[in-house]
Amino acid sequence: MDLEVQGALLKAVEQYGKENVVVMLGSPDADSADIYAETVTVGDPTYAGPLAGVELKLSVYHILEDEIKALIPEDVYQEQVGLMELSLDKDAICEAMNNARKNFLG
Amino acid sequence: MVTPVVKGASFVLVHTPELVCHGSKPAREIKKDKDLLANIARHLRSYQEAVAYPPNQAFIGNLRPDRLREVEQPWHRSPLQAAERFSSSGEIMPQEEFYGWLKLADEYDLVQFEESFLAEIKPKLEQHPLIAPNDLEKLGSGVQLAAIEEKIAQNIAIPLYNGGKLAGCVSTAHEEDENLTAEIILENLCNKASGVVAMRYVLRSFDVTAEQIQYVIGCDEEAVGDRYQRGGGNMAKSIAELAGCVNASGSDIKSFCCAPAHAVVVAACLVQAGLYEEVLVIGGGCLAKLGMKYAGHLKHDMPILEDQMGAIAILIGKDDGKSPVIRLDAVGKHDISSGSSAQAIYQSLVVAPLTKIGKKILDIDKFAVELHNPEVTEPNGNGNVPRTNYRTIASMAVLNGEMDRTRIAEYEVAHGMPGFSPTQGHIAAAIPFMGHAREMIMNGEIENAMFVAKGSLFLGKMTKLSDGMSYLIERNKGVS
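About the cut-offs
- Residues numbered from 1 in each chain as written.
- Chains lettered and ligands numbered in written order.
- Predicted model: local features only at pLDDT ≥ 70, side-chain atom pairs only at ≥ 80, totals over all residues.
- Helix = DSSP H or I, 4+ residues; strand = E, 2+ residues; numbered from the N terminus.
- Rg over C-alpha atoms; globule rule 2.2 N^0.38 Å.
- Buried ≥ 20, exposed ≤ 12 C-beta atoms within 10 Å, placed from the backbone.
- Contact = placed C-beta atoms within 7 Å.
- Nonpolar A, V, L, I, M, F, W, Y, C, P; charged D, E, K, R; others polar.
- Domains from an automatic or database assignment.
- Pairing = 2+ DSSP bridges.
- Core = buried A, V, L, I, M, F, W, Y, C linked by C-beta atoms within 7 Å.
- pLDDT = per-residue confidence, 0-100.
- Axes fitted to C-alpha atoms, helices over the stretch in contact; angles between N-to-C directions.
- Parallel < 35°, antiparallel > 145°, perpendicular 65-115°, else oblique.
- Left-handed = near helix turned anticlockwise from the far one by under 90°.

## Comments concerning the overall build of chain A
Looking only at helices and strands, chain A has five helices and two strands in total. In summary, chain A has a C-alpha radius of gyration of 14 Å against a globular reference of 13 Å for 106 residues, a match within 12%. Over its C-alpha atoms, taken along the principal directions, chain A stretches across nearly 35 × 25 × 25 Å. The proportion of buried residues among the 106 residues of chain A is 34%. Within chain A, counting contacts between residues at least 6 apart in sequence, those at least 24 apart form 67% of the total.

In structure tokens, the structure reads:
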């Protein structure tokens, strides 16, 4: 995950508190979704950014997951995300997110 | 009206493992972690490994990108037996020789090499097809090691190593100007020197001479200037001077990674308008991006693949009756009002320009998109960039009713290609396919190719917009 994004996330947590921050991913495949989820829960696995060794344990979802889709007006979702829902491997990404939450959030 | 055509394209890699520590990311992290430099050094590739690396052979033109599918992954463990340093119009240059080109690119004696190092590389440079006798004179005979050590000790120069030995240094150009530090001079000279190599290749390998070039357009992402004009630019003219383009002037187009697409379109416009007959688009390499994703590579205990810079040179000129034609009636651009969703971007860059000339997505034989080598990006969690792009274009074709959803995966194989470009921003943005596309169209392998590039303008903090530009090239039907 980009170092600047890691820094911004840390700042948001300091400002609003862990319980008020939810991370929404838009990464294009299962592997990157897994790494991003790991970064915002148990820390940056590459040990390169501000979240190295920082266990934020934040709630994390992917924009393609159905529980997120249900929260967004259908026309907006179609316009903004519809094409990516069609083109990306939604099943693999959703599975990676479920596993990541199980592994990293317990 | 004159028809603009693509008369030639050259692609060059310079393999510079000992410059990785000067890349922006490694340079910052090395300051924080004393063991990192040694760890990076253990994961650098030899020159032979870089030459035999399959995506590199695709980049310089010796291997069609589609053929990469036949090479077992990971590619860094599958060296090509028949790999060559040179292609018909480019090469993979070793570090020590590139250091000589750095010296050639330097007009202010800011780059200095130690005497014995220069004596060692001069005979090699003498054999190089692009080196002229006056280049060798310009290299000089070097300075004593003590003089280099003293400058480094005084903190007015940064070291250049070769084979672990101090070989030379780059000096700061102004002690009070943070825009002319040794680091920035090195960054800009790397861009210039690699650009000179690419420009000399394209002018040697095709039917256009240096004297015929009237205008040169730079498309890199470096900022050349001093404290009063950071980013003043015209790297294009600086490079053209060293490639013998005596009748040319030039300028740079800046749009992050998207600049090469803008540059090709503007060059084609200058030709179509009749203002100039021969225009050259040039883009040198980017030092700052060396080792950018090193952390992912170290984590996977694989070689640091961002140990090389890429450079491109494209000849755009008046119709010769054989070279592929640039269709200026099918140029796509991402307007300020276009919107930032994937749909909006691809509507602007792909569907809208094709609709204008009555074509559909499936009418395009090959799309060139951001062609980042996935082996570089995936270990760092950045995904397979070209695959994502191809699946998105395929999904647009599904939404337009051109094909069924079940064919999205096969679309990537038929109309796309695996990524093979070094992750050098502007260098990776569709343009690496230009040489292959030109040959494939002229050989009758394909009829046309569309180039789609995007740029992350928001990184500069002046806007939240991104950018995009696209154009179509197709078979020349001959002079009527």
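## Focus: the overall build of chain B
Across its full length, chain B holds 17 helices and 13 strands. Taken over the C-alpha trace, chain B has a radius of gyration of 22 Å; the compact-globule value for 480 residues is 23 Å, and the two agree within 12%. Along the first, second and third principal axes, the C-alpha set of chain B runs to 70 × 50 × 45 Å. The buried share of chain B, reckoned over its 480 residues, is 56%. Considering only contacts within chain B whose residues lie at least 6 apart along the sequence, 75% involve residues at least 24 apart.

## Quick look at the interface of chain A and chain B
The interface of chain A with chain B comprises 20 residues on the first partner and 23 residues on the second. When residues of the side of chain A that touches chain B are traced back to their parent elements, those giving at least two are helix 2 (30–41) and helix 4 (74–87) of chain A. With seven residues, the single largest contributor to the side of chain A that touches chain B is helix 4 of chain A. In terms of residue class, the side of chain A that touches chain B is made up of 11 nonpolar, six polar and three charged.

## Some words on the domain arrangement of chain B
All names here are of chain B. Per the domain assignment, the segments of chain B are domain 1 (4–318) and domain 2 (327–474). With centres defined by C-alpha atoms, the gap from domain 1 to domain 2 works out at 26 Å. On the side of domain 2, 41 residues touch domain 1, which itself brings 52 residues to the contact. Sorting the residues of the side of domain 1 that touches domain 2 by element identifies strand 1 (4–15), helix 4 (54–60), helix 11 (259–272), helix 12 (294–299) and strand 9 (308–318) as the ones contributing at least two each.

## Quick word on helix 17 (residues 434–443) of chain B
Residue and element names in this part refer to chain B. Burial within helix 17 is extensive, with seven of its 10 residues counted as buried. Against the buried residues of helix 17 lie strand 1, strand 9, strand 11 (366–368), strand 12 (448–455) and strand 13 (467–474). Just downstream of helix 17 lies Gly444, where phi reads positive at about 85 degrees.

## Quick look at the pairing of strand 5 (residues 165–171) of chain B
All names here are of chain B. With five of seven residues buried, strand 5 lies mostly within the body of the structure. Alignment of strand 3 (residues 111–113) against strand 5, held across three bridges, turns out to be antiparallel. For Val111, the partnering residue across the bridge sits in strand 5 and is Val170. Here six bridges tie strand 4 (residues 157–162) to strand 5, and the two strands are oriented antiparallel to one another. In the sheet register, Ile158 faces strand 5, and the bridge partner there is Val170.

## Some points on the environment of Ala437(B)
All names here are of chain B. By the secondary structure assignment, Ala437 is in helix 17. Distance in space between the C-alpha atoms of Ala437 and Glu447 is 9.3 Å, their sequence separation being 10 residues. Setting aside residues no more than four positions away along its own chain, Ala437 makes contact with Lys366, Ala368, Ala449 and Ile473.

## Details of the nonpolar core
Residue and element names in this part refer to chain B. Formed by 170 residues in total, the largest nonpolar core has its most connected members in Met199, Val264, Ile316 and Ala430. Looking at this core element by element, the count peaks at 14 residues for helix 9 (residues 182–205). Looking at which domains feed residues into this core, each of domain 1 (4–318) and domain 2 (327–474) gives three or more. Once residues lying within four places of it in the same chain are set aside, the contact partners of Met199 are Ile239, Ala240, Ala243, Leu280, Ile282 and Ala313.

## Observations concerning unusual backbone geometry
In terms of backbone geometry, most residues other than glycine have negative phi values and most peptide bonds are trans. Residues and elements named next belong to chain B. With an omega of 5 degrees, the peptide bond running from Gln73 to Pro74 counts as cis. On the secondary structure map, Pro74 appears in the loop between helix 4 and strand 2 (91–93). The phi dihedral of Asp109 is positive, around 55 degrees, even though this residue is not glycine. Position of Asp109 among the secondary structure elements: in the loop between helix 5 (95–105) and strand 3. Phi is positive for Asn234, close to 60 degrees, though the residue is something other than glycine. Mapped onto the elements of the fold, Asn234 is located in the loop between strand 6 (215–218) and helix 10 (235–241). Under the C-beta neighbour-count criterion, Asn234 is labelled partly exposed, with 16 such atoms within 10 Å.

## Details of the environment of Phe256(B)
Residues and elements named next belong to chain B. In this structure, Phe256 sits in the loop between strand 7 (249–252) and helix 11. Separated by 200 residues in sequence, Phe256 and Ser456 have C-alpha atoms that sit 6.3 Å apart. Aside from chain neighbours lying at most four places away, what touches Phe256 is Glu221, Gly425, Gly455, Ser456, Leu457, Leu459 and Asp467.

## Considering the confidence of the model for chain B
In low-pLDDT segments, the atomic positions of the prediction should not be examined closely. Of the residues in chain B, 100% have a pLDDT of 70 or more, and the chain-wide mean is 96. Confidence estimates for the predicted assembly give a pTM of 0.93 and an ipTM of 0.72.

## Some words on the packing of helix 15 (residues 385–399) of chain B against helix 16 (residues 408–415) of chain B
All names here are of chain B. In contact at an axis separation of 9 Å, helix 15 and helix 16 are set at 115 degrees when each is read in the N-to-C sense. Considering their axes alone, helix 15 and helix 16 lie roughly perpendicular with respect to each other. Here the hand of the crossing between helix 15 and helix 16 comes out right-handed. Note on element contacts: helix 16 touches helix 15 through Ile408, Tyr411 and Glu412, opposite Arg387, Tyr390, Arg391, Ala394, Ser395 and Val398. Class assignment of the residues belonging to the contact of helix 15 with helix 16 gives a composition of five nonpolar, one polar and three charged.

## Brief notes about the environment of Ala449(B)
Residues and elements named next belong to chain B. As for its position among the elements, Ala449 is in strand 12. Under the C-beta neighbour-count criterion, Ala449 is labelled buried, with 24 such atoms within 10 Å. Residues Ala449 and Phe367 lie 82 residues apart in sequence; the distance between their C-alpha atoms is 5.6 Å. The residues touching Ala449, leaving out its near neighbours within four places in the chain, are Asp365, Lys366, Ala368, Phe433, Ala437, Ile441 and Ile473.

## A look at the sheet that holds strand 4 of chain B
Residue and element names in this part refer to chain B. Across the sheet, which stays open at both edges, the three strands sit in the order 3-5-4 with antiparallel pairing between neighbours. Both edges of this open sheet fall to strand 3 and strand 4, since each of them pairs with a single strand only. When the angles between neighbouring strand axes are averaged without regard to direction, this sheet yields 30 degrees.

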